[in-house]
Amino acid sequence: MTDRRYDFGKNWARYMADMPEAALEQARESLRKHVGDVAGGSFLDIGCGSGIMSVAALDLGVTKVTAVDFDPVAVDVTRSMLRQYHPEADWHVFRADVLQDDFDTHDFVYSWGVLHHTGNMSSAITRTPRWVATDGVVVIGIYKKYPSCRFWTKVKRWYVRAPSFLKLLSRIAYGTAVLASLAVQGRNPVIYVRTYSRQRGMSWRRDIDDWLGGYPYESASVEDVTQIAFQANLGLEAVFPAPDGRGLLGSGVQTYRFKVIGTDAHR
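For the structure given in this document, a descriptive report is provided here. Per chain, residue numbering runs from 1 following the sequence as it is written. Side-chain atom pairs in this predicted model are given and counted only at pLDDT of 80 or more, local residue features only at pLDDT of at least 70, and totals for whole chains, interfaces and linings cover all residues. To obtain the side-chain values, all non-hydrogen atoms of the structure were used and water was disregarded.

Before going further, it helps to examine the overall build of the chain. Here a helix means four or more residues in a row that DSSP labels H or I, a strand means two or more in a row labelled E, and each is numbered from the N terminus. Counting secondary structure elements, the chain contains ten helices and seven strands. Against the globule reference of 18 Å for 267 residues, the chain gives a C-alpha radius of gyration of 18 Å, in line with a compact fold. Per-residue accessibility, obtained with a 1.4 Å probe over protein chains only, is compared with the maximum for each type, and a residue is labelled buried under 20%, exposed over 50%, and partly exposed between these values. Every one of the 267 residues in the chain was classed for burial, and the buried ones make up 51%. Two residues qualify as a contact provided that any one of their heavy atoms is within 4.5 Å of a heavy atom in the partner residue. The contacts in the chain between residues at least 6 apart in sequence include a share of 75% that link residues at least 24 apart. Every accessible area reported is derived by Shrake-Rupley at a probe size of 1.4 Å, with residue values counting cover from the shown protein chains alone. Of the roughly 12,900 Å² of accessible surface on the chain, a fraction of 52% belongs to carbon and sulfur atoms. In this treatment the radius of gyration is a C-alpha quantity, and the globule benchmark scales as 2.2 Å times the residue count to the 0.38 power.

This part covers the packing of helix α2 (residues 23–34) against helix α3 (residues 52–59). Helix axes use the C-alpha atoms of the stretch in contact, all axes being lines fitted to C-alpha atoms, and the angles between their N-to-C directions lie in the range 0 to 180 degrees. Between α2 and α3, the shortest axis-to-axis distance is 9 Å and the interhelical angle comes to 70°. As the angle between them shows, α2 and α3 are arranged roughly perpendicular. In this structure, α2 contributes Ala-23, Leu-24, Ala-27, Arg-28, Ser-30 and Leu-31 to the contact, and α3 contributes Ile-52, Met-53, Val-55, Ala-56, Ala-57 and Asp-59. Along the lines of polarity and charge, the residues of the contact of α2 with α3 split into nine nonpolar, one polar and two charged. Relative orientations are named as follows: roughly parallel for angles under 35 degrees, roughly antiparallel for angles over 145 degrees, roughly perpendicular for angles from 65 to 115 degrees, and oblique for any other angle. Note on residue categories: nonpolar means Ala, Val, Leu, Ile, Met, Phe, Trp, Tyr, Cys or Pro, charged means Asp, Glu, Lys or Arg, and polar means any other residue, Gly included.

A probe matching the size of a water molecule, rolled over the atoms, marks out where space remains unfilled. Definitions used for this entry: grid spacing 1 Å over protein atoms alone; cavity, a set of points where a 1.4 Å probe fits but cannot get out; pocket, an open set with protein on both sides within 12 Å along at least 5 of 7 lines; lining residue, one with an atom within 4 Å of a point. Grid points are joined across faces, edges and corners, and a volume is the space filled by probe spheres set on the points. By volume, the second largest pocket amounts to about 240 Å³. Lining the second largest pocket are 14 residues, and of these Tyr-6, Asp-7, Tyr-159, Lys-167 and Asp-209 sit closest to its centre. Sort the elements by how many residues they give to the lining of the second largest pocket and helix α7 (residues 164–184) lands first, with three residues. When the residues that make up the lining of the second largest pocket are grouped by side-chain class, the tally is five nonpolar, one polar and eight charged.

What follows deals with the packing of aromatic side chains. What counts as a ring pair is set by centres within 6.5 Å for rings of Phe, Tyr and Trp (its six-membered ring), and what kind of pair is set by the plane angle: stacked under 30 degrees, edge-to-face over 60, tilted for all other angles. Throughout the structure, instances matching the rule amount to twelve aromatic pairs. Here Tyr-6 and Phe-8 contribute two aromatic rings whose centre-to-centre distance is 4.7 Å and whose plane-to-plane angle is 85°, an arrangement assigned as edge-to-face. Pairing Phe-151 with Trp-152 gives two aromatic rings, centres 5.1 Å apart and planes at 65°, and the pair type is edge-to-face. Clustering of aromatic rings is evident, with ring pairs tying together Tyr-143, Phe-151, Trp-152, Tyr-174, Trp-211 and Tyr-217. Its guanidinium or amino end placed over the ring of Phe-70, Arg-5 lies 4.5 Å from that ring's centre, counting from NZ or CZ. Here, a charge over a ring is recorded when the distance from Lys NZ or Arg CZ to the ring centre is within 6 Å and its angle to the ring normal is within 35 degrees. Sitting over the face of the ring of Trp-211, Lys-156 holds its NZ or CZ atom 3.5 Å from the ring centroid.

Our next topic: the sheet that holds strand β2 (residues 64–69). Two strands are said to pair when DSSP picks up at least two bridges between them. The seven strands lie next to each other as β3-β2-β1-β4-β5-β7-β6, forming an open sheet whose pairing is mixed. Of all the strands in the sheet, the pair left with one neighbour each is β3 (91–95) and β6 (234–240). Strand-to-strand twist in this sheet, taken as the mean axis angle between neighbours without regard to direction, amounts to 15°. In this structure, strand β4 (residues 106–112) lies alongside strand β5 (residues 132–143), joined through six bridges in parallel fashion. Looking at the pairing, Trp-112 lines up with Gly-141 of β5. In this fold α3 packs onto β1 (42–46), β2, β3 and β4, with an angle of close to 170° to the strand it touches most, β1. Against the sheet, helix α4 (residues 72–85) makes contact with β2 and β3, and its axis sits at roughly 165° relative to β3, the strand it touches most.

For the bond running from Tyr-215 to Pro-216, omega is 5°, close enough to zero to count as cis. Within the secondary structure, Pro-216 is located in the loop between α9 (204–213) and α10 (222–231). One non-glycine residue, Asp-135, lies in positive phi territory at about 65°. Mapped onto the elements of the fold, Asp-135 is located in strand β5. The phi dihedral of Asn-233 falls on the positive side, at around 65°, and the residue is not glycine. Considering the arrangement of structural elements, one finds Asn-233 in the loop between α10 and β6. Classification of Asn-233 by relative accessible area gives buried; the value is 18%.

Criterion for a salt bridge: a side-chain nitrogen of Lys or Arg within 4 Å of a carboxyl oxygen of Asp or Glu. Enumeration according to the criterion identifies eleven salt bridges in this entry. A salt bridge links Arg-14 to Asp-209, with the nearest nitrogen and oxygen atoms 3.9 Å apart. Placement of the pair is Arg-14 in helix α1 (residues 8–16) and Asp-209 in helix α9, with a sequence separation of 195 residues. Assessed through its relative accessible area of 36%, Arg-14 is described here as partly exposed. The partner of Arg-130 in a salt bridge is Asp-102, with the nearest N and O atoms 3.7 Å apart. One end of the pair, Arg-130, is in the loop between α5 (121–127) and β5; the other, Asp-102, is in the loop between β3 and β4, and 28 residues separate them in sequence. For Arg-130, a relative accessible area of 27% corresponds to the partly exposed category. On the basis of relative accessibility, which here comes to 48%, the residue Asp-102 falls in the partly exposed class.

Spelled out as structure tokens, the structure:
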């Protein structure tokens, strides 16, 4: 699909250098909401990024964490995070490609905002049941599909190849458009920026770069994801909708929780 990818790992490394104190609590709350009670189980973090969700899972009582990412910088950042917060815990971090590699089975398989960046989202989703233990849970986050997604695909493909000064101009233009949109809606742009990291988990400035550069990029409707997952013997338990919006200035991530159904999932 592409010969050039966005450097997610470098972006996460810059963010984690000054991570807000509230970020870990937000990560724990996200796991409680989307996954449920993880205490006593094993946790596979696909596309671990900064490692913050792996740390949160251990905080909430999982007995074992396996964290993988395609980006080697993200792997290093995650190792650093786990050494800092849980040096004695049972965790393993390594570079892997979810489209090719296989892992041991786990009680909880978690991949939020990742599989739509693999270059083959459908295949990535259908492979997740391989790594789920009996009665286990799969939680994935996928960009919501809008008519504007085709436009954003072209923007992202251009952005990852653009020189630095054009990337900077693009971030300024996009950020200005977002703030202007908020003002038109009667929302306070200053408060929005100041509180952004508590709502999103990443600083507003970092997230702009992440959004514009996040290539490969795919999106899907609830029906699309449910159909792909059903073909892989994943039964939908819950959908946590993306924030309201029309996709003009970005696409929110919808979160899905699945249970394995049938006996053919572990192939």
